[in-house]
Amino acid sequence: MKASQLSIATCSLFFALTGVFAQTPPSDTTLTANPVFEKNCAKCHGKTAEGRHFGGPALISEQVAAASADELANIINNGKGHMPKYAGKLTPQEIDTLVRQIRALNKK
Ligand code: HEC
């Protein structure tokens, strides 16, 4: 392989990798700083995720802390009561991130 070919290969690998990382939000982002939450969830669950009187319940609670990641993902995917379903509206990765961030908020 010539040096020029090698550098092209290295470059495309670099771009492929940054592409992958660009889709993964930094893990230290909290739920309330996640634009997906602000756009889709804050109107019911509140900007601080502590719930609103006429909207959704707090996402920081005993009940949420006791739920498994699967249960939370299920509620977000399929909805529950007045909670709309988000399967098809958000990507599985976005829902995954929300679940992780919700669980992080409930860790004491
Ligand atoms: C239209 C208002 C509304 C929106 C928008 C909404 N929710 Fe909800 N959410 C609710 C309500 C109401 C409940 C309670 C459902 C029940 O228990 O009957 C709920 C319940 C939940 C629960 C379970 C809480 C528990 O105590 O078990 C989670 C987790 C949740 N929502 C996450 C989200 C996320 C993440 C988003 C954004 C992608 C979102 N919600 C958007 C209204 C909403």
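Residues numbered from 1 in each chain as written. Predicted model: local features only at pLDDT ≥ 70, side-chain atom pairs only at ≥ 80, totals over all residues. Heavy atoms only, no water.

**Student:** I'd like to hear about helix H6 (residues 92-105), residue by residue, with values.
**Tutor:** With 14 residues, H6 ought to run about 20 Å at 1.5 Å a step, and its terminal C-alpha atoms sit 20 Å apart, in line with that. Those residues of H6 that fall on the buried side of the exposure criterion are Ile95, Thr97, Leu98, Val99, Gln101 and Ile102. Buried residues in H6 make contact with helix H2 (35-40), helix H4 (62-66) and helix H5 (69-78). (Helix = DSSP H or I, 4+ residues; strand = E, 2+ residues; numbered from the N terminus. Expected span 1.5 Å × (residues − 1). Buried < 20%, exposed > 50% of the residue type's maximum accessible area, 1.4 Å probe, protein only. Contact = heavy atoms within 4.5 Å.)

**Student:** Can you lay out the confidence of the model for the protein for me, pointing to particular residues and giving the numbers?
**Tutor:** Atomic detail in the predicted coordinates should be set aside for any region of low pLDDT. When the pLDDT values of the protein are averaged, the result is 84; 71% of them are 70 or greater. The element-level mean pLDDT for the protein is lowest in helix H1 (residues 3-23), coming to 53, with H5 highest at 98. (pLDDT = per-residue confidence, 0-100.)

**Student:** Could you give an account of the side chain of Thr97, with specific residues and numbers?
**Tutor:** Residue placement: Thr97 occurs in helix H6. You can call Thr97 buried: its relative accessible area is 8%. In terms of polar contacts, Thr97 uses its side chain to reach the backbone carbonyl oxygen of Gln93, at 2.9 Å. (Polar contact = N/O pair within 3.5 Å; in protein donor to acceptor, adjacent residues only side chain to side chain.)

**Student:** Any chance you could break down the coordination of the iron atom of the ligand for me, citing the residues and the numbers?
**Tutor:** Every protein donor of the iron atom of the ligand is listed here as His45 (NE2) and Met83 (SD), and their distances to the metal cover 1.9 to 2.0 Å. Taken together, the 6 donor atoms coordinating the iron atom of the ligand and their angles of 87 to 179° define a geometry best described as octahedral. On the criterion of sequence distance, the pair formed by His45 in helix H3 (residues 42-45) and Met83 in the loop between H5 and H6 is long-range, its members being 38 residues apart. Here His45 falls in the buried class, since its relative accessible area comes to 9%. (Donors = N, O, S within 2.8 Å, 3.2 Å for Na, K, Ca; no water. Tetrahedral: all angles 85-135°; square planar, octahedral: opposite > 155°, others 65-115°.)

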